[in-house]
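The lines below spell out each chain.
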Amino acid sequence: MLSDSATSSVTSLEHLDMKPVIVVHGGAGNISDKRVPGCRAGVKRAALKGYDILKGGGSALDAVEEAVVVMEDDPHFNAGCGSVLNEKGEIEMDAIIMDGKDLGSGAVSAVRCIANPIKLARLVMEKTDHVCLTDRGASLFAKAQGVEEVPEESLVSEMARERWEKNLKPGSDPVASQIQDRGTVGAVAIDNSGNVACATSTGGMTNKMVGRVGDTPCIGSGGYADNFVGACSTTGHGEKIMTVTLARIILYHMEQGMSPEEASDTALTYMKTRVRGLGGVIVVNNSGEWTATFSTNQMSWAAVKDDVLEFGVFRGENETVNIDHPLASQ
Ligand code: GLY
């Protein structure tokens, strides 16, 4: 049982003058040339949206939720209206959100016909005694909370439909196609009170079995946030990420004294060598140091700190621009 002193020490972590930081990803994998400009623009928009909330004194939790909503509403990403299709040609989405202040978390899995699963995950966190709701239960809960149901067709992008159809053809390579599709989205942030949060949302793996649940809604796999350490959101091959509980081991390495970058490199190398899994992560620690690291060929990402926007897609790419510069929002 937690003593009162343990509880008050969480509160004492809050620093009122912390510099806010947000980092977002739009998925790790092989991003085709055609998709690169849209993914790059989408992650920049999401990071700027989250940073605007933080600069206005908003919470890390609000910032990561809204940043993820921007990407769920963007068909370039495998989340919300860009979600991939399952083997039956349907959309089943997973999402998680976590508040590092009190380790509160909420998740949904295999949820259908809503535009923004991340908002439903937050409602699970705030309005239920549970951590994760799935499938029919998640839909019933969404209805009870007044979340608008949208036609499934409105969430199906042309690209998702094309890829699904291609994978149904004899001789297709669904594994290679899945690598193309890892466009899960996520955000981590620290606010000016020193609170950290994470959010992750995905349509999962293309042509997946009906009812398949990936890493994203699993606490410690798709994301983790703890004010004592930092926050992490992951992307990549869900079954591999779950096997190594990627987000939590990164926080463990940081607890042992590693920087976000060292912890991410160590954990991604472990996942690659131990289970032959590839992916990417974004991490912020409770001092505001951050990283965007991946073992795949590409990962779209963007970050804002000190009014400077950094972003990239390819290995070694790190473009920098002031948030007021016209290029920031293009
Ligand atoms: N990382 C997303 C998924 O595998 O579902």
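Parameters and conventions
- Residue positions are given per chain, counting from 1 as you read along its sequence in written order.
- Given that the model is predicted, a residue must reach a pLDDT of at least 70 before its local features are reported, and side-chain atom pairs must reach 80 or more before they are shown or counted; all residues, however, enter totals for whole chains, interfaces and linings.
- Think of the side-chain values as coming from all heavy atoms in the structure, minus any hydrogens and water.
- Under the scheme used here, helices are H or I runs from DSSP no shorter than 4 residues and strands are E runs no shorter than 2 residues, and both carry numbers assigned from the N terminus.
- With C-alpha atoms as the basis for the radius of gyration, the globule rule is written as 2.2 Å multiplied by the number of residues raised to the power 0.38.
- Residue exposure (1.4 Å probe, protein chains only): buried if accessible area is under 20% of the type maximum, exposed if over 50%, otherwise partly exposed.
- Residues count as neighbours in contact if any of their non-hydrogen atoms are within 4.5 Å of one another.
- Buried Ala, Val, Leu, Ile, Met, Phe, Trp, Tyr and Cys residues form a nonpolar core when they are joined through side-chain atoms within 4.5 Å.
- Residues are classed as near a molecule or strand on a simple rule: at least one heavy atom within 4 Å of it.
- Polar contacts, as counted here, are pairs of nitrogen or oxygen atoms within 3.5 Å of one another; within protein the pair requires one atom able to donate a hydrogen and one able to accept it, and residues that are adjacent in sequence qualify only if both atoms are side-chain atoms.
- Surface accessibility follows the Shrake-Rupley procedure with a 1.4 Å probe radius. Residue values consider only the protein chains on display as shielding.
- Each residue receives one of three labels: charged for Asp, Glu, Lys and Arg, nonpolar for Ala, Val, Leu, Ile, Met, Phe, Trp, Tyr, Cys and Pro, and polar for the others, Gly being one of them.
- When DSSP finds two or more bridges between two strands, those strands count as paired.
- Under this scheme, a helix contributes an axis fitted over its contacting stretch, all axes are lines through C-alpha atoms, and angles between N-to-C directions fall in the 0 to 180 degree range.
- Any carboxyl oxygen of Asp or Glu within 4 Å of a side-chain nitrogen of Lys or Arg constitutes a salt bridge here.
- Just so you know how the angles are binned, under 35 degrees is roughly parallel, over 145 roughly antiparallel, 65 to 115 roughly perpendicular, and the rest oblique.
- For a crossing to be left-handed, the near helix must be turned anticlockwise from the far one by less than a right angle; the clockwise case is right-handed.

Draft legend 1. Up close: the overall build of the protein chain. A count of helical and extended segments in the protein chain gives ten helices and 13 strands. Expected size for 330 residues packed as a compact globule is a radius of gyration near 20 Å; at 18 Å, the protein chain falls within 12% of this value. Taken over 330 residues, the protein chain has a buried fraction of 58%. Contacts spanning at least 24 positions in sequence make up 66% of the contacts within the protein chain whose residues lie at least 6 apart.

Draft legend 2. Structural detail: the nonpolar core. Counting 58 residues, the largest nonpolar core has Ile22, Val24, Ile97, Leu120 and Leu309 as the members making the most contacts within it. Per element, the largest residue contribution to this core is nine residues, and it comes from helix α3 (residues 60-72). Every residue in contact with Ile97, bar those within four places of it in the chain, is listed here: Leu61, Val64, Glu65, Gly104, Ser105, Gly106, Ile118, Ala121, Arg122, Met125, Cys198 and Ala199. In terms of nonpolar packing, the next biggest core, distinct from the first, is built from 36 residues, Val23, Met98, Leu246 and Trp301 among them.

Draft legend 3. How the structure looks around the site of the ligand. As a structural note, the neighbourhood of the ligand is formed by Thr184, Thr202, Gly204, Met205, Arg212, Asp215, Thr216, Gly236 and Gly238. Interatomic distance of 2.7 Å between a side-chain N/O atom of Arg212 and an oxygen atom of the ligand. Considered on its own, the ligand offers 200 Å² of accessible surface; in the complex 100% of this is hidden by protein. Of the residues belonging to the shell around the ligand, the class tally is one nonpolar, six polar and two charged.

Draft legend 4. Examining the sheet that holds strand β10 (residues 290-294) more closely. Read from one edge of the open sheet, four strands run β7-β8-β9-β10, paired in antiparallel fashion. Strands at the two margins of the open sheet, each flanked by one partner only, are β7 (223-226) and β10. Taken pair by pair, the neighbouring strands of this sheet meet at an average axis angle of 10°, ignoring direction. Pairing of β7 with strand β8 (residues 230-236), which is carried by four bridges, proceeds in the antiparallel orientation. The residue bridging Tyr224 from the neighbouring strand is Cys232, located in β8. Against the sheet, helix α9 (residues 246-255) touches β7, β8 and β9 (279-285), its axis set at about 140° to β8.

Draft legend 5. Region of interest: helix α4 (residues 117-127). The buried fraction of α4 is high, at eight of eleven residues. Of the positions making up α4, those classed as buried are Pro117, Ile118, Leu120, Ala121, Arg122, Leu123, Val124 and Met125.

Draft legend 6. Structural context of the environment of Thr296. Along the chain, Thr296 turns up in the loop between β10 and β11 (298-305). Residue classification places Thr296 among the buried positions, given a relative accessible area of 2%. C-alpha separation for the pair Thr296 and Tyr224, spaced 72 residues apart in sequence, amounts to 21 Å. A polar atom in the side chain of Thr296 sits 3.4 Å from the backbone nitrogen of Gly29.

Draft legend 7. Region of the structure containing the pattern of salt bridges. Enumeration over the complete set of coordinates arrives at 13 salt bridges. Among the salt bridges present, the one from Glu92 reaches Arg112, with a minimum N-O distance of 2.9 Å. One end of the pair, Glu92, is in the loop between α3 and β2 (93-99); the other, Arg112, is in the loop between β3 (104-111) and α4, and 20 residues separate them in sequence. Notably, a salt bridge pairs Arg248 with Glu255, separated by 3.2 Å at the nearest N-O pair. Bridged by salt links that share partners, the residues Asp62, Glu65, Arg122 and Glu126 form one connected network.

Draft legend 8. Expanded view of unusual backbone geometry. Even without being a glycine, Cys113 presents a positive backbone phi close to 55°. Tracing the sequence through the fold places Cys113 in the loop between β3 and α4. Its identity is not glycine, yet Thr245 carries a phi of approximately 45°, on the positive side. Structurally, Thr245 is set in the loop between α8 (238-244) and α9.

Draft legend 9. Fine view of the side chain of Asn285. Structurally, Asn285 is set in strand β9. For Asn285, a relative accessible area of 9% puts it in the buried group. Within the structure, Asn285 has its side chain in polar contact with the backbone nitrogen of Ser287 (distance 2.9 Å). With sequence-adjacent residues up to four places away left out, Asn285 is seen in contact with Ile190, Val229, Gly230, Met254 and Pro260.

Draft legend 10. Representation of the packing of helix α2 (residues 36-55) against α3 within the structure. Look at α2 against α3: their axes get within 8 Å of each other, and the N-to-C directions meet at 155°. Judged by the inter-axis angle, α2 sits roughly antiparallel to α3. The handedness of the crossing between α2 and α3 is right-handed. Contacts between α2 and α3 pair Gly42, Val43, Arg45, Ala46, Lys49, Gly50, Ile53 and Leu54 from the former with Ala60, Asp62, Ala63, Glu66, Ala67, Val70 and Met71 from the latter. When the residues that make up the contact of α2 with α3 are grouped by side-chain class, the tally is nine nonpolar, two polar and four charged.

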